[in-house]
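The residues making up each chain are set out below.
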Amino acid sequence: MQKRVARPKKKMSFKGRDVISIRDFNKQEILHVLRTAEKMEKNRKPLLKGKILATLFFEPSTRTRLSFESAMHRLGGRVIGFADPSVSSTAKGESLPDSIKIVEGYADVIVIRHPLEGAARVAAEAASVPVINGGDGANQHPTQTFLDLYTIKKTKGKLSGLKVGFLGDLKYGRTVHSLAHALSYFGVEMYFISPESLRMPDDDLYELKQKGVKYHEVKDLKKVIGKLDVLYATRIQKERFPDPLEYKKVKDAYILDRSLLKGVKKDLKILHPLPRVNEINYNIDDTPHAAYFGQARNGVPVRQALLALVLGVEA
Ligand code: CP
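Here is what the cut-offs are and how they apply
Residues numbered from 1 in each chain as written. Predicted model: local features only at pLDDT ≥ 70, side-chain atom pairs only at ≥ 80, totals over all residues. Heavy atoms only, no water. Helix = DSSP H or I, 4+ residues; strand = E, 2+ residues; numbered from the N terminus. Buried < 20%, exposed > 50% of the residue type's maximum accessible area, 1.4 Å probe, protein only. Contact = heavy atoms within 4.5 Å. Core = buried A, V, L, I, M, F, W, Y, C linked by side-chain atoms within 4.5 Å. Domains from an automatic or database assignment. Salt bridge = Lys/Arg side-chain N within 4 Å of Asp/Glu carboxyl O. Polar contact = N/O pair within 3.5 Å; in protein donor to acceptor, adjacent residues only side chain to side chain. 1 Å grid on protein atoms, 1.4 Å probe; cavity = no way out; pocket = protein on both sides within 12 Å on 5 of 7 lines; lining within 4 Å. Points joined across faces, edges and corners; volume = space filled by probe spheres on them. Nonpolar A, V, L, I, M, F, W, Y, C, P; charged D, E, K, R; others polar. Expected span 1.5 Å × (residues − 1).

## Re the side chain of glutamate 59
Consideration 1: For glutamate 59, the location among the structural elements is in the loop between β1 (52-57) and α2 (63-74).
Consideration 2: Since its relative accessible area comes to 13%, glutamate 59 is described here as buried.
Consideration 3: Each residue touching glutamate 59, except ones within four places of it in the same chain, is listed here: Arg113, His114, Pro115, Arg174 and Arg240.

## Comments concerning the nonpolar core
Consideration 1: Of all hydrophobic cores here, the largest spans 56 residues; its most connected members are Phe146, Phe166, Leu183, Met190, Phe192 and Leu307.
Consideration 2: Looking at which domains feed residues into this core, each of domain 1 (22-140 + 299-310) and domain 2 (142-297) gives three or more.
Consideration 3: Setting aside chain neighbours within four positions, we find phenylalanine 146 in contact with Val19, Ile22, Phe25, Ile30, Val33, Leu34, Val302 and Leu306.
Consideration 4: If you look at the next biggest cluster of nonpolar residues, it comprises 20 residues, including Leu231, Leu260, Leu261 and Leu268.

## A word on the domain arrangement of the chain
Reports of interface size often rely on the accessible area that becomes lost once the parts have come together.
Consideration 1: Here the chain is partitioned into domain 1 (22-140 + 299-310) and domain 2 (142-297).
Consideration 2: Taking only C-alpha atoms into account, the centre of domain 1 sits 25 Å from that of domain 2.
Consideration 3: The partner domain 2 presents 28 residues to the 31 residues of domain 1 that form the contact.
Consideration 4: Scanning the region where domain 1 abuts domain 2 turns up five salt bridges.
Consideration 5: Here domain 1 is connected to domain 2 by 12 residue pairs in polar contact (both at pLDDT 80 or more).
Consideration 6: Those elements that provide at least two residues to the side of domain 1 that touches domain 2 are α1 (27-42), α2, β4 (131-136) and α11 (299-310).
Consideration 7: Per-element accounting of the side of domain 1 that touches domain 2 gives the leading share, eight residues, to α1.

## Let's talk about the layout of surface pockets
Consideration 1: In this structure, the largest pocket encloses a volume near 400 Å³.
Consideration 2: Lining the largest pocket are 21 residues, and of these Arg113, Arg174, Arg235, Leu274 and Pro275 lie nearest its centre.
Consideration 3: Tallied by class, residues from the lining of the largest pocket come to four nonpolar, 10 polar and seven charged.
Consideration 4: Residue assignment places the lining of the largest pocket across two domains, with domain 1 (22-140 + 299-310) and domain 2 (142-297) each supplying three or more.
Consideration 5: Around the second largest pocket sit 14 residues that line it, and Phe82, Ser88, Glu94, Ser99 and Val103 are the ones nearest its centre.
Consideration 6: Elements that contribute at least two residues to the lining of the second largest pocket include exactly β1, β2 (78-82) and α3 (96-103).
Consideration 7: In terms of residue class, the lining of the second largest pocket is built from eight nonpolar, five polar and one charged.

## Digging into the side chain of threonine 175
Consideration 1: Counting through the fold element by element, threonine 175 comes out in helix α6 (residues 174-183).
Consideration 2: Looking at threonine 175, the relative accessible area reads 8%, which means it is buried.
Consideration 3: Beyond its immediate sequence surroundings of up to four residues, threonine 175 is in contact with His141, Gln144, Thr145, Tyr232, Thr234 and Pro273.

## Comments concerning α2
Consideration 1: Under the 1.5 Å per step criterion, the end-to-end length of α2 is 16 Å for 12 residues, consistent within 8% with the ideal 16 Å.
Consideration 2: Those residues of α2 lying buried are Thr64, Arg65, Ser67, Phe68, Glu69, Ala71 and Met72.
Consideration 3: Against β1, β2, β3 (109-114), β4, α5 (142-156) and α11 lie the buried residues of α2.
Consideration 4: Among the residues trailing α2, glycine 76 stands out with phi positive, at a value near 85 degrees.

If you want it as structure tokens, here you go:
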């Protein structure tokens, strides 16, 4: 009988890679990013000294832009960029690929947020340096997904076998689409809780079904909140509604407050990508269930990990 020879494991390579969609990463790669983020929390070496990050934000942001900038500073690198496209030459009609071809001459890595779906991919195709998607329309927000996974793992001790509820705007909420895809690798049972008009898109549900993910669609949060290990609440994305009247109909569809927490699991963790508007009452903030501020803080080590990895530096 022929002796079986173990094939050498394919080495994971992140150097020079773009981070455009969570779909571009397999389970092992996702876990590698999370392990690297853990290391970033433990050591403070200036791994990216001499490197420059450009942050190009064509849409408002607090967490994504500032945590990327903080991450780069913590790693000893420097940051250039803009938070308002009206002060860039986009206002004079410069195309996105042209802007990117200019910025790649000034920076080693680019983070872009843009209102148009697919804009980050267009930027990546134009650039010779790594491009990281900081959110493109209602499409993807992969670095948020990495930090969501990191927060779930940190607060629950694991990713596998959890019951995770997604609440609110599941149609336009890009973080939900990315996170549901990533959690499909980990045997998670999913509860999609939304008004009819903001259901999870059929394409995403079809994909989850194909992958054998057990999921439920419900409108009444009270019916399922007691089963959940994690509740991922989202803002109703006002800016993405074509009709303001449709937004008015659903804007306060779910408001989490302490009264809803009676009967939940003791270790239920509530996450939210933030910013919140009305969907989580401030009276939840000082309960042990509130994990959203810690989640936002986790953006720094996770983005340190991604910057270091795409620039070819191991922690
Ligand atoms: N979670 C998130 O993307 O927040 P910002 O819009 O403030 O970046």
